[in-house]
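Each chain, letter by letter, is given below.
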Amino acid sequence: MRRLSIVGDVTVGFPASRTGYGQATYGNTAPQTQRATWIIVDGTGRVTAFAGKVEYGQNIRTGLAVEVADELRVSMASVEVVLGDTARVPWDMGTFGSQSTARVGWQLRKAAATAREALLAMAADRLDLPVEDLEARDGAVVSRHDRSRSIPYADLIEADQEREIADHAQVTRRADFTQMGQSHLRRLDGIDRVTGAARYSQDILPEDVLYAAILHPPTYGATLRTIDLAASEALPGVVQVVEEGGIFAILAEDDETAALAARIARLEWDIPQGQPSRWDMPALLVESGQDGYSTQEAGDLDAGFKQADEVIEATYYIPYIAPMPMEPRAAVAAWEGDSLTVWAGTQRPFGLRAELASIFGMEESRIRVIAPEIGGGFGAKSPYGLAHDAARFAKAAGRPVRVAYTRAEETMWSNFRPAALIRIRAGVASDGRLVAWDSHAYHAGERVMIGRRGSETPYDAGNIRSMVYRSDSPLPSGSYRSLGAAVNHFAREVHMDDIAARVGRDPVEYRLAHLTEPRFRRVLEAAADDFGWSGPRLPDGRGAGIALGIDVGSYVATAAEVSVNGREVRVHRVSAALDCGLVVNPEGAANQMEGAIVMGLGGALFEASDFEAGRVLNPTFARYRVPRIVDAPRIDLRFVGDDETPSTGAGEPGIVPIAAAVSGAVFGATGVRHRELPIQRYLD
Amino acid sequence: MSLSKPFGGVYADHGMRGNGRQDIPPAEMMAPVRRAIADGGRASPDLVVSRGVAQCTCSRAIGEVPVPTSPVLVVNGVERQASRGDRNLLSYLRFDLRLTGTKYGCGEGLCGACTVLVDGQPLRSCMTTVGAVAGGEVTTIEGIATHDALAAAAAGEGVATLDDLHPVQRAFVEEQAMQCGYCIPGFIMSTVGLLKREPEPSPAQVREALVEHVCRCGAYQRIERAVLRAAEEMSVRSERNTGSEGDAS
């Protein structure tokens, strides 16, 4: 098929400059090739866009399609978006940090604009008209003066051609968008998701596949003392017992046989004594804090505290929480000769490919990693070690192997949002004004990076120091929607509420008095207006709370109304305002904001991962409560960004202020300030 | 300790330990799960769960009533003979029949991703066996819209459109009641069951019927809207059909 290919640089999929997290955490190598095809317009006029991102619920397929469609003046439905397949798409570091629209979307817009300009130039030749007299419309180039003179894109592509993405290509101005920014853009993949046609990693079942059950240790850090697999091996349907990379697994012809064989395997483990429990966390966080890193310094802290009439100091504690995506991890590996194909619901298909290349000593070109649809991840599905296991087992068995985690395995053998303890000391002058702000945040994890996000205060206190430390982590700590930002925001915003209350000021008015950035002021005023803010105390014993924040470049403020009944907090309604610049797909962005708010309510009210002696005590839904439909409040949203400002992330910011808003609202209802999460554990 | 405390205060006895309570889902929240299982009439809530593979210990599956060795059941209108009666129903559907639209989420009947209809009633397929539903009619997400166009699209021929869908499926698309979508087949199956029992549910009834499901992406507000929208569309359609002697479906 004849095609016009638009090629360009792949390093846009390299978000280290924004979050610094991906590279520091995963040590991703740079791409091996710098150039790749981003867009193809073929001889039938069909448009295909390629991106290294994965779809794990953020609806990026639709978001990217609408950007390409608008630039190329075709309908969204005629654009196919290919994602997450290392054999087909441009290299990408991974889908995290809300970078898909901000960076890859922008690259695709430039690529599509390049394609449009190339098609216009071809048409000018063919029609013998000056290019200025032509415009692209509905998949064709048309004369502005004589509509009958037009050529469909399909007819313009007479031979294979390749163009480099042109930096000077004119991306479409806001006023000329016909699809971007429209409400109710229908999901491209919506029908597949309601018919069962969408294939997730759990659903990949090649012919001849073997089902694996891994013999995981009962605790973290346990070492195998004895193993007796005779009974397991004797079970009909068990094909093989493998030990690869220090991991034992049963391979069987069906899932239940594998699980049963694993259950009757006799293993004895040495379990290390003296592992910390959840009760040890607050002390452990502070005592093991190291690699202190200053994220913000201003003025002279000592001088600030000298001016202070009152010093308000408090400690905030946030336990580990579990991501609990609906789809537990699964991976399928199939070898064909010395080539390997792996299907894995990972956020980092290219990173996984590099890991596999290193494990097997292979060229990356002989490995194909395909990320199919992913049933949620929220940042946690960047590490995907079970794909390594699947590839090793498949090699040993000479057949495709499927490794799929149970719910409890998914919880225990993935990673948790880090526990954190934050201490803030603030100095307040006699007129109530903030004059000093000293914050020390201890986040559990191997790298100090994990706690940096959101540690800077936007409030003008004159004299500021914000320190972040990394602390020992008894549980595997990893990424999670907005990561440390949600935790840092909780502490700072509750502290602001506390100060406002002590100096007798309204939480909104007090914040505004210390905010100069107009984008912060705008989201706060919008959320307060939409909510009908009148202060923390509401009639009928209800309470209201409000908080603001910034994450991945987007500004957000959220207000919540609650009632407290015994040990249950009911969140009745939430009003939120987001400024993420240009909103490409308003329905998609709204869905993400709503989801982030609901997810944040879980961590605010009842989620905590409990552990003792190396064991997670609540790894399943029976013991770990997540928000359900009865917990979901009415959510009103407003996007207050400026259409001329480039898009920033919308998937994560919604979670950042919600816990503090709820804490403030519970204070309004009960008069008790909650500085520890989850709040319901502290209600009696 | 590698670091001096930046300022005083005693973090350890500052109430930070909470009351030690695990916040498990409240009993009333889980009651519908038990009820749904009981309503199916095919499984008891007395369940053994281990490693995510649930086994039904109810009398009909294992006990005085013998487990059929090769039970016959109808799945999406097709008669099937399973090789083992004690095969987990979810595994049977997903791995033996390759009907992967029904999802595994927890293996203990608490997330709803595995919901199918058995003789029109929503049932947690992860909590029961093929033998326990022998003789019954099982409908999965792949089987609720019967249009040929959808089957053709599933086979890779042609593209399914909204018109090919069941009204509940259509309403979920229209309201964009999904994010990752992994939980959605389960929500849809329970909704189909709900609307059969209660064609005009109140928002409270919708919430009660769906409390047994988890959408970790948090699309609940949209899911509620989608269910109410489907109810409205179906009641309009059924009125129209009744008026014109058509089949009320």
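Not measured: the values here are computed from a predicted model. (Residues numbered from 1 in each chain as written. Chains lettered and ligands numbered in written order. Predicted model: local features only at pLDDT ≥ 70, side-chain atom pairs only at ≥ 80, totals over all residues. Heavy atoms only, no water.)

## What to know about the overall build of chain B
Counting its secondary structure elements, chain B contains seven helices and seven strands. Considering chain B as a whole, with its 249 residues, one finds that 56% of them fall into the buried category. Nonlocal contacts in chain B, meaning residues at least 24 apart in sequence, comprise 55% of its contacts between residues at least 6 apart. Carbon and sulfur atoms form 50% of the exposed surface of chain B, whose accessible area is close to 10100 Å². (Helix = DSSP H or I, 4+ residues; strand = E, 2+ residues; numbered from the N terminus. Buried < 20%, exposed > 50% of the residue type's maximum accessible area, 1.4 Å probe, protein only. Contact = heavy atoms within 4.5 Å. Areas by Shrake-Rupley, 256 points an atom, 1.4 Å probe, with all protein chains shown as cover.)

## Some points on the pattern of salt bridges
One pass over the structure, following the stated rule, counts 72 salt bridges over all chains. A salt bridge links Arg453(A) to Glu652(A); the nearest nitrogen and oxygen atoms lie 3.2 Å apart. Of this pair, Arg453(A) sits in the loop between strand S21 (434-444) and strand S22 (464-471) while Glu652(A) sits in the loop between strand S28 (634-639) and helix H18 (658-670), placing them 199 residues apart in sequence. For the pair Arg453(A) and Glu652(A), one class covers both residues: buried. Ionic pairing is found between Glu224(B) and Arg207(B), a salt bridge with its closest N-O pair at 2.6 Å. With Glu224(B) in helix H7 (residues 220-243) and Arg207(B) in helix H6 (residues 203-210), this pair connects stretches of sequence that are 17 residues apart. Overall, the relative accessible area of 21% leaves Arg207(B) in the partly exposed class. When salt bridges with common partners are traced through the structure, they connect Arg186(A), Arg170(B), Glu174(B), Glu175(B), Arg225(B), Arg229(B) and Glu233(B) into a single cluster. (Salt bridge = Lys/Arg side-chain N within 4 Å of Asp/Glu carboxyl O.)

## Re the pairing of strand S24 (residues 554-565) of chain A
All names here are of chain A. In terms of burial, S24 is a largely internal element, 10 of the 12 residues being buried. Summarising the sheet, strand S23 (residues 543-551) and S24 pair through nine bridges and their orientation is antiparallel. Pairing of Leu548 across the sheet is with Ala557, part of S24. Turn length for the S23-S24 hairpin, with the two strands adjacent in sequence and antiparallel, is two residues, and the turn residue Val552 shows positive phi of about 40°. Here 11 bridges tie S24 to strand S25 (residues 568-579), and the two strands are oriented antiparallel to one another. Residue pairing for S25: Val556 is matched across the bridge by Leu578. Hairpin connection, S24 to S25: the antiparallel pair is bridged by two residues, and Gly566 has positive phi, about 60°. (Pairing = 2+ DSSP bridges.)

## Description of the sheet that holds strand S15 (residues 310-318) of chain A
Residue and element names in this part refer to chain A. The sheet built from five strands is open, its strands ordered S14-S22-S21-S20-S15 with mixed pairing. Here the strands that pair on one side only, and so sit at the sheet edges, are strand S14 (290-298) and S15. Ignoring strand direction, the axes of neighbouring strands in this sheet form an average angle of 10°. Here strand S20 (residues 420-428) pairs with S21 via nine bridges, running antiparallel. Residue Ala420 lies in a different strand from S21, and its bridge partner there is His443. Contacting S15, S20 and S21, helix H14 (residues 484-502) runs over the sheet at an angle of about 145° to S15. (Axes fitted to C-alpha atoms, helices over the stretch in contact; angles between N-to-C directions.)

## A look at the interface of chain B and chain A
Each partner contributes residues to the interface: chain B has 82 residues there, and chain A has 104 residues. Summed over both partners, the interface of chain B with chain A buries about 8000 Å², with 54% contributed by carbon and sulfur atoms. In this assembly, chain B and chain A are joined by 10 salt bridges. Residue Arg94(B) is joined to Asp203(A) by a salt bridge in which the shortest nitrogen-to-oxygen separation is 2.8 Å. Inspection of the chain B/chain A interface yields 40 residue pairs in polar contact (both at pLDDT 80 or more). At the level of secondary structure, the elements contributing two or more residues to the side of chain B that touches chain A comprise helix H1 (27-40), strand S2 (53-56), helix H2 (89-96), helix H4 (167-174), helix H5 (184-197), H6 and H7 of chain B. Class assignment for the residues of the side of chain B that touches chain A results in 38 nonpolar, 25 polar and 19 charged. (Buried area = accessible area lost by both parts, 1.4 Å probe. Polar contact = N/O pair within 3.5 Å; in protein donor to acceptor, adjacent residues only side chain to side chain. Nonpolar A, V, L, I, M, F, W, Y, C, P; charged D, E, K, R; others polar.)

## Details of the nonpolar core
If you look at the biggest cluster of nonpolar residues, it comprises 160 residues, and the most contacted ones within it are Leu434(A), Phe172(B) and Ile223(B). Those residues in contact with Phe172(B) that lie beyond four places of it in its chain are Val194(A), Ala177(B), Met178(B), Ile184(B), Phe187(B), Ile188(B), Thr191(B), Ile223(B), Ala226(B) and Val227(B). Within the second largest apolar cluster, 47 residues are counted, among which are Ala112(A), Leu156(A), Ile157(A) and Leu185(A). (Core = buried A, V, L, I, M, F, W, Y, C linked by side-chain atoms within 4.5 Å.)

## Details of the packing of H5(B) against H6(B)
All names here are of chain B. Relative to each other, H5 and H6 sit at 130°, their axes nearing to 10 Å. Taken together, the axes of H5 and H6 lie oblique to each other. With respect to the hand of their crossing, H5 and H6 are arranged in right-handed fashion. Note on element contacts: H6 touches H5 through Val206, Ala209 and Leu210, opposite Phe187, Ser190, Thr191, Leu194 and Arg197. Across the contact of H5 with H6, the residue classes break down as five nonpolar, two polar and one charged. (Parallel < 35°, antiparallel > 145°, perpendicular 65-115°, else oblique. Left-handed = near helix turned anticlockwise from the far one by under 90°.)

## Structural notes on the sheet that holds strand S4 (residues 78-81) of chain B
Residues and elements named next belong to chain B. Taken in spatial order, the five strands of this open sheet run S4-S3-S7-S5-S6, and their pairing is mixed. With partners counted over all chains shown, the strands left at the sheet margins are S4 and strand S6 (121-124), one partner each. Direction aside, the axes of adjacent strands within the sheet are offset by 35° on average. Pairing of strand S5 (residues 115-118) with strand S7 (residues 137-139), which is carried by two bridges, proceeds in the antiparallel orientation. Across the sheet, the residue bridging to Leu117 is Thr139, located in S7.

## Focus on helix H3 (residues 60-72) of chain A
For an α-helix, the turn length of 3.6 residues means that residues three or four places apart are oriented alike. In this model H3(A) runs 18 Å from its N-terminal to its C-terminal C-alpha over 13 residues, within 8% of the 18 Å that 1.5 Å per residue would give. Note on H3(A): the residue one or two positions beyond its end, Arg73(A), has a positive phi of about 60°. (Expected span 1.5 Å × (residues − 1).)

## Digging into the confidence of the model for chain B
Residues and elements named next belong to chain B. On average, chain B scores 79 in pLDDT, and the residues at 70 or more come to 67%. Segment residues 1-15: pLDDT under 50, and 34 contacts once partners within four positions in sequence are set aside and those in other chains are kept. Scored below 50 in pLDDT, residues 245-249 shows five contacts in the model against residues more than four places distant or in partner chains. (pLDDT = per-residue confidence, 0-100.)

## Regarding the side chain of Thr48(A)
All names here are of chain A. Mapped onto the elements of the fold, Thr48 is located in strand S3 (residues 47-51). According to the relative accessible area criterion, Thr48 is buried, its value standing at 11%. Dropping the residues within four chain positions of it, Thr48 is found in contact with Trp38, Ile39, Ile40, Glu80 and Val82.

## Details of the packing of aromatic side chains
Residues and elements named next belong to chain A. All chains considered together, the criterion is met by 11 aromatic pairs over all chains. Taken together through their ring pairs, the aromatic side chains of Tyr320, Phe416 and Phe611 make up a single cluster. Sitting over the face of the ring of Phe531, Arg573 holds its NZ or CZ atom 4.0 Å from the ring centroid. The ring of Phe667 has Arg673 lying over it, and the distance from NZ or CZ to the ring centre is 3.6 Å. (Phe/Tyr/Trp six-rings, centres within 6.5 Å; stacked < 30°, edge-to-face > 60°. Lys NZ or Arg CZ within 6 Å of the ring centre and 35° of its normal.)

## What about the environment of Met599(A)?
Within the fold, Met599(A) resides in helix H17 (residues 586-605). On the basis of relative accessible area, Met599(A) is assigned to the buried category, the value being 1%. Along the sequence, Met599(A) and Ala632(A) sit 33 residues apart, while their C-alpha atoms lie 9.5 Å from each other. If we skip the residues at most four places from it in the chain, Met599(A) touches Pro323(A), Phe378(A), Tyr480(A), Arg481(A), Glu607(A), Ile655(A) and Arg216(B).

## Looking at helix H16 (residues 518-531) of chain A
Residues and elements named next belong to chain A. Taking 1.5 Å as the rise per residue, H16 with 14 residues should run 20 Å; its terminal C-alpha atoms sit 20 Å apart, in good agreement. Buried within H16 we find Arg519, Phe520, Val523, Leu524, Ala526, Ala527, Ala528 and Phe531. Buried residues in H16 make contact with helix H15 (507-512), S23, S24, S25 and S28. Where H16 begins, the capping side chain belongs to Glu517, and its oxygen is found 3.1 Å from the backbone nitrogen of Arg519. Remark: Gly532 follows H16 within two positions and exhibits a positive phi of approximately 75°.

## Here's the deal with the pairing of strand S4 (residues 79-83) of chain A
Residue and element names in this part refer to chain A. Most of S4 is tucked away: four of the five residues are buried. Pairing of S3 with S4 involves five bridges; the strand directions are parallel. Its bridge partner lying in S4, Val47 is registered against Val79. This β-α-β element, S3 to H3 to S4, shows right-handed connectivity. (Right-handed = clockwise from strand over helix to strand, strands pointing away.)

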